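Overview (structure and organization)
Spelled out, the chains give:
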Amino acid sequence: MFTGIVEELGEVVAVADLPDAARVTIAGPLVTSDAKHGDSIAVNGVCLTVVEVEGGAFTADVMRETLTRSSLAKVAEGDKVNLERAAAVGQRLGGHIVQGHVDGTGAVLAREKAEHWEVVHIGLPPRLSRYVVEKGSITVDGVSLTVVDVSETEFSVSLIPTTLELTTLGRRSPGDTVNLEVDVVAKYVERLAQPHLRAEETR
């Protein structure tokens, strides 16, 4: 479990293609300071399991399902990535409940710069639009953000200087792909409500 508060901007140092998978090595002195085999680290919002730690970097295997659903399929040596260690029980929940299970991807559509912040518009897959609401939470590349506006095809978020400086979102350009994770609570509510909604429809 994560909170969507990025701890460190890491760098991909190696990518090895495997049958139906990939193995990535990422430099991140902070997140590896107490990491060990089997720990979870979110990489651009994707929960990965540490298989090796050495010299301030960790290695993780990325299975085909993850490569299909996320932007990690395009990650390359030298790329910057957002890193967050799993949340510890009892710590402050600075963002929102983030599982590290990417629901899909969207493309950056436009950026609007203001004096003290920047509004970013991101394309929204139709199957995810029902889970995104104005002033609700969404995770973009592992960053917990508040939705400003939303339609069936896109949503917007406002980024403060800290987010622009310390995460990959300050570097994303129109056309770039970002990972999206919607609020898991919305999905559970929908699932629980479905039988009752169907019952009402048959009356």
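Scroll up to find the structure this text is about.
The text that follows walks through the structure, step by step, so that each part is easy to find. (Residues numbered from 1 in each chain as written. Predicted model: local features only at pLDDT ≥ 70, side-chain atom pairs only at ≥ 80, totals over all residues. Heavy atoms only, no water.)

Moving on to the environment of Asp 176. Tracing the chain through its elements places Asp 176 in the loop between helix 2 (161-166) and strand 12 (177-182). Since its relative accessible area comes to 28%, Asp 176 is described here as partly exposed. In sequence terms Asp 176 and Asp 20 are 156 residues apart; their C-alpha atoms lie 24 Å from each other. Those residues in contact with Asp 176 that sit more than four places away from it in its chain are Gly 106, Ala 107, Val 108 and Arg 171. (Helix = DSSP H or I, 4+ residues; strand = E, 2+ residues; numbered from the N terminus. Buried < 20%, exposed > 50% of the residue type's maximum accessible area, 1.4 Å probe, protein only. Contact = heavy atoms within 4.5 Å.)

Position of Thr 168 among the secondary structure elements: in the loop between helix 2 and strand 12. Leave out the neighbours within four places in its chain, and Thr 168 touches Leu 9, Asn 44, Lys 80, Val 81, Asn 82 and Asp 141.

Turning our eyes to something else, we now look at the sheet that holds strand 6 (residues 80-85). Sheet architecture is closed into a barrel: 6 strands sit in the order 1-2-5-4-3-6, paired in antiparallel fashion. Strand-to-strand, the axes of this sheet are offset by a mean angle of 45°, without reference to chain direction. As paired elements, strand 2 (residues 21-27) and strand 5 (residues 57-63) share 7 bridges and run antiparallel to each other. Following the sheet pairing, Thr 25 is matched in strand 5 by Thr 59. (Pairing = 2+ DSSP bridges. Axes fitted to C-alpha atoms, helices over the stretch in contact; angles between N-to-C directions.)

Time to look at the environment of Gly 123. Tracing the chain through its elements places Gly 123 in strand 8 (residues 118-123). For Gly 123 and Gly 106, which are 17 residues apart along the polypeptide, the C-alpha to C-alpha distance reads 4.9 Å. When neighbours within four sequence positions are excluded, Gly 123 is seen to be in contact with Gly 106, Ala 107, Leu 109, Thr 153, Glu 154, Phe 155 and Leu 180.

The subject of this paragraph is a nonpolar patch on the surface. On the surface, a nonpolar cluster with roughly 290 Å² of combined accessible area is contributed by Met 1, Leu 93 and Ile 97. Along the chain, Met 1 falls in the segment before strand 1 (8-18). (Patch = residues over 30% accessible without salt bridge, like charges linked within 9 Å, V, L, I, M, F, W, Y side chains within 5 Å. Areas by Shrake-Rupley, 256 points an atom, 1.4 Å probe, with all protein chains shown as cover. Salt bridge = Lys/Arg side-chain N within 4 Å of Asp/Glu carboxyl O.)

In total, this model carries 12 salt bridges according to the counting rule given. Salt-bridge contacts for Glu 190 lead to Arg 130; the nearest nitrogen and oxygen are separated by 2.5 Å. Of this pair, Glu 190 sits in helix 3 (residues 184-202) while Arg 130 sits in the loop between strand 8 and strand 9 (137-140), and the two are 60 residues apart along the sequence. Arg 130 gets classed as exposed once you look at its relative accessible area, which sits at 52%. Connected through salt bridges with shared partners, the residues Glu 7, Asp 34 and Arg 85 form a single ionic network.

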